[in-house]
Amino acid sequence: MIPSHYDPKDFLTMTMFYMDYASFNFPPESHRNGTIVVEDATGLGLKHVDTRLFKVIKEAGIEGNSGMQDLIPGKLKGILILNPPLIIKALFKLARLFMKKKLIQRVQIVTPADIMRDWVSPDNLHTVFGGSLEYNHQKWVAEEIEKEMHEETKKMQTETDAGRHDG
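Residues numbered from 1 in each chain as written. Predicted model: local features only at pLDDT ≥ 70, side-chain atom pairs only at ≥ 80, totals over all residues. Heavy atoms only, no water.

Visitor: When you look at the overall build of the protein in this model, what are you seeing that I'm missing?
Guide: The helix and strand inventory of the protein stands at seven helices and three strands. Listed by position from the N terminus, the elements making up the protein come as α-α-β-α-β-α-α-β-α-α. Looking at the protein residue by residue over its 167 residues, the buried ones come to 28%. The long-range share in the protein, meaning contacts at least 24 apart out of those at least 6 apart in sequence, stands at 70%. Carbon and sulfur atoms provide 57% of the accessible area of the protein, an area that totals close to 11,600 Å². (Helix = DSSP H or I, 4+ residues; strand = E, 2+ residues; numbered from the N terminus. Buried < 20%, exposed > 50% of the residue type's maximum accessible area, 1.4 Å probe, protein only. Contact = heavy atoms within 4.5 Å. Areas by Shrake-Rupley, 256 points an atom, 1.4 Å probe, with all protein chains shown as cover.)

Printed below as a string of structure tokens:
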């Protein structure tokens, strides 16, 4: 999924969906190693800031309350923010005052070179971000729908067969 092709709200919703999806569908080593989210913040501005987010971030920093960290399923290794405008950089610095050290280390403003040097190998990074991974989101969605339809058909067939044997 290429962030610049989607509305920020839709992109965030899909990011959370993928994190949830990954927690149930990815192999065990991905849970141990963690997931890295790369967000291209090009074009973001104040109109995209939801003030409710500050409450969540503040709650994440209160001792004994894991707040924001409990909202993300699976193990989150990092959220990498590319190309943030000045206002987003300033808001991020403000938000860091209320974040736990562990969360601060996981949320970083980076360049594509930083990502490949410190976080992700080029073969696991989309070409849009300077990596070599070719990925077609529409194809992936179609494959997942096909899998779900196949599983549902199989389930219905099993239920039908069980009904024949019961009657």
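Visitor: Just checking my understanding: could you explain helix α4 (residues 86-96) for this structure?
Guide: For an α-helix, the turn length of 3.6 residues means that residues three or four places apart are oriented alike. Of all the positions in α4, only I88, L91, F92 and A95 are classed as buried. Taken down its axis, α4 places every buried residue within 105° of arc, on the same side. Pointing more than 90 degrees away from the buried face of α4 are the exposed residues L86 and K93. (Arc of directions from axis to C-beta.)

Visitor: Help me understand the confidence of the model for the protein, please; the structure alone is not making it clear to me.
Guide: The predicted coordinates of low-pLDDT regions are not to be read in fine detail. On average, residues of the protein carry a pLDDT of 75, and 75% of them reach 70 or more. Within the protein, the lowest mean pLDDT, 59, falls on helix α3 (residues 52-60), and the highest, 86, falls on strand β3 (residues 107-110). (pLDDT = per-residue confidence, 0-100.)

Visitor: In this structure, what is going on with a negative patch on the surface? I would like to understand it.
Guide: The grouping of E148, E151, E152 and E159 at the surface amounts to a negative patch. Here E159 lies in helix α7 (residues 137-166). Look at E159 and you get partly exposed, because its relative accessible area is 49%. (Patch = residues over 30% accessible without salt bridge, like charges linked within 9 Å, V, L, I, M, F, W, Y side chains within 5 Å. Salt bridge = Lys/Arg side-chain N within 4 Å of Asp/Glu carboxyl O. Lys, Arg positive; Asp, Glu negative; His and termini not counted. Charge placed at Lys NZ, Arg CZ, Asp CG, Glu CD.)

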